Amino acid sequence: MSIGSHLLNQENLEIVKRVSFKLGREKILDIGLRYYDQHPDDVQLIARNLAHFGLGCDGKALDEALEQMVVHYFEKLFVLVKTYEAYWIVQNRIELGDSLEPFREATACGKAVFVGQSHFGATYLMGMVLMASGFDIQTVGKFPQPVGGLLEQSITTMHQRYGTGRARLLNLADPTVDVPMEMVTALLQRKIVSNVYDEPNKFCRPMALLGRKVMGGTGMDLILRNFKDDNTVIVTPFLVRTGQDTFRYEVDRHTLAGGDIVESFYRSLEKRVAAHPAQWYFIHEVHEALVPL
């Protein structure tokens, strides 16, 4: 059993549903950290992966990585069963600065937006940032049931009750959905489309990250080769945790004319991982993406 399968269950969903963000976070943290106490092999795997990338791998650094891993799964549970509180947090606890300017520019100029996401930070709250700001989004991901249904319900409730933008899930777990075609079509229609670029699949190729080689890209360069900077804005957002219930939304802008677009994505990811290594939750499975020496 992994930390994810240990935490993502109906019992914990009910716990999070019944209590506030603060109390739910505390309760899931307690459950998750007890899991790590009972599974030292999982802890050692994370420590080895951190060491492989030259990141702190013991003491406080390791403790923070384990804690942030559990927080990631708490946030997933939270967005599945909370609507008003999630909306409130997005409206009141996220520092935006000028991070939404690329999206506003695209809307004003009639451009598409490709959002390159990574396994870093508070990703399960990230889509709500755009929705709460009035943007409609198309989000690629693997959403098996009951997760897919719960997310759809939460998205609908937020739009109907609080007037947020809409989110359409392009579900990799649904064999009837041609996700690459849906992505291209949405971009051609000048919509906002998000997908991850840092998990291994058959379209990945070796990429440098903190002096190591990992398989990355997920074929996003193959999708984006059909577009140009004059019709598509390309960004990588990061929702960095700045406290127990506070966040900062950071967005890097990328250009297709600037060269290898996936390489550019990885430089943005590398910057965040170096600054906040504990929030890189891919660390517990990044060994599966390593390129053999």
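An account of the accompanying structure is given in this report. On a predicted model such as this, the values are computed, not experimentally measured, just so you know. (Residues numbered from 1 in each chain as written. Predicted model: local features only at pLDDT ≥ 70, side-chain atom pairs only at ≥ 80, totals over all residues. Heavy atoms only, no water.)

1. Brief notes about the nonpolar core
- Judged by nonpolar contacts, the single largest core of 95 residues is most densely connected at Tyr-36, Phe-103, Met-183, Leu-239, Tyr-249 and Trp-280.
- For Phe-103, the contacting residues outside a window of four places in its chain are Val-113, Val-115, Leu-130, Phe-135, Ile-192, Val-235, Tyr-249 and Val-251. (Core = buried A, V, L, I, M, F, W, Y, C linked by side-chain atoms within 4.5 Å. Buried < 20%, exposed > 50% of the residue type's maximum accessible area, 1.4 Å probe, protein only. Contact = heavy atoms within 4.5 Å.)

2. Quick word on the packing of aromatic side chains
- Counted by the stated rule, this structure contains 12 aromatic pairs.
- Ring centres of Tyr-35 and Tyr-36 lie 5.6 Å apart, and the angle between their planes is 70 degrees; on these two criteria the pair is classed as edge-to-face.
- An angle of 10 degrees between the planes, with centres 4.9 Å apart, marks the rings of Tyr-87 and Tyr-162 as stacked. Here Tyr-87 is found in helix H6 (residues 84–92), whereas its partner Tyr-162 is found in helix H9 (residues 147–162), with 75 residues between them in sequence.
- With relative accessibility at 17%, the residue Tyr-87 sits in the buried group.
- Members of the aromatic cluster, connected to one another through ring pairs, are Phe-114, Tyr-197, Phe-265 and Tyr-266. (Phe/Tyr/Trp six-rings, centres within 6.5 Å; stacked < 30°, edge-to-face > 60°. Helix = DSSP H or I, 4+ residues; strand = E, 2+ residues; numbered from the N terminus.)

3. Here we look at the sheet that holds strand S2 (residues 112–117)
- The seven strands are arranged S1-S9-S8-S2-S5-S3-S4 in an open sheet whose pairing can be described as mixed. The sheet terminates laterally at strand S1 (94–95) and strand S4 (167–171), the two strands that pair on one side only.
- Pairing between S2 and strand S5 (residues 192–196): five bridges, direction parallel. Along S5, the bridge assignment pairs Gly-116 with Asn-195.
- Strands in contact with helix H8 (residues 123–132) are S1, S2, strand S3 (137–141), S4, S5, strand S8 (232–241) and strand S9 (247–254); relative to S8, the strand with the most contacts, it is inclined by about 120 degrees. (Pairing = 2+ DSSP bridges. Axes fitted to C-alpha atoms, helices over the stretch in contact; angles between N-to-C directions.)

4. Some points on H8
- With seven of 10 residues buried, H8 is to be regarded as a mostly interior element.
- What H8 keeps buried is the set Thr-123, Leu-125, Met-126, Met-128, Val-129, Leu-130 and Met-131.

5. Digging into the environment of Val-43
- Tracing the backbone through its elements, the reader meets Val-43 in helix H4 (residues 40–52).
- Note: C-alpha distance between Val-43 and Gly-56 (13 residues apart in sequence) is 13 Å.
- Beyond its immediate stretch of four places on either side in the chain, Val-43 contacts Tyr-36, Leu-62 and Leu-66.

6. Thoughts on helix H3 (residues 21–38)
- With 18 residues, H3 extends 26 Å between its outermost C-alpha atoms, agreeing within 8% with the 26 Å of an ideal straight helix rising 1.5 Å per residue.
- Within the sequence span of H3, burial applies to Phe-21, Gly-24, Arg-25, Ile-28, Leu-29, Ile-31, Gly-32, Tyr-35 and Tyr-36.
- Looking at the buried residues of H3, the elements they touch are helix H1 (3–7), helix H2 (10–18), H4, helix H5 (59–81), H6 and S9. (Expected span 1.5 Å × (residues − 1).)

7. Some words on the pairing of S4
- With four of its five residues buried, S4 lies for the most part within the structure.
- In this structure, S3 lies alongside S4, joined through five bridges in parallel fashion. The partner of Thr-139 across the bridge, within S4, is Leu-169.

8. Observations regarding the pairing of strand S6 (residues 205–209)
- Bridge count between S6 and strand S7 (residues 212–216): five bridges; the pairing is antiparallel. Looking at the pairing, Met-207 lines up with Val-214 of S7.
- Where S6 folds back on S7, the antiparallel hairpin that results is connected by two residues, among which Leu-210 adopts a positive phi of roughly 50 degrees.

9. Thoughts on the packing of H2 against H3
- Here H2 crosses H3 at 150 degrees, and the two axes come no closer than 9 Å. One finds that H2 runs roughly antiparallel with respect to H3. Contacts between H2 and H3 involve Asn-12, Ile-15 and Val-16 on the former and, on the latter, Lys-27, Ile-28 and Ile-31.
- Of the residues assigned to the contact of H2 with H3, the class counts are four nonpolar, one polar and one charged. (Parallel < 35°, antiparallel > 145°, perpendicular 65-115°, else oblique. Nonpolar A, V, L, I, M, F, W, Y, C, P; charged D, E, K, R; others polar.)

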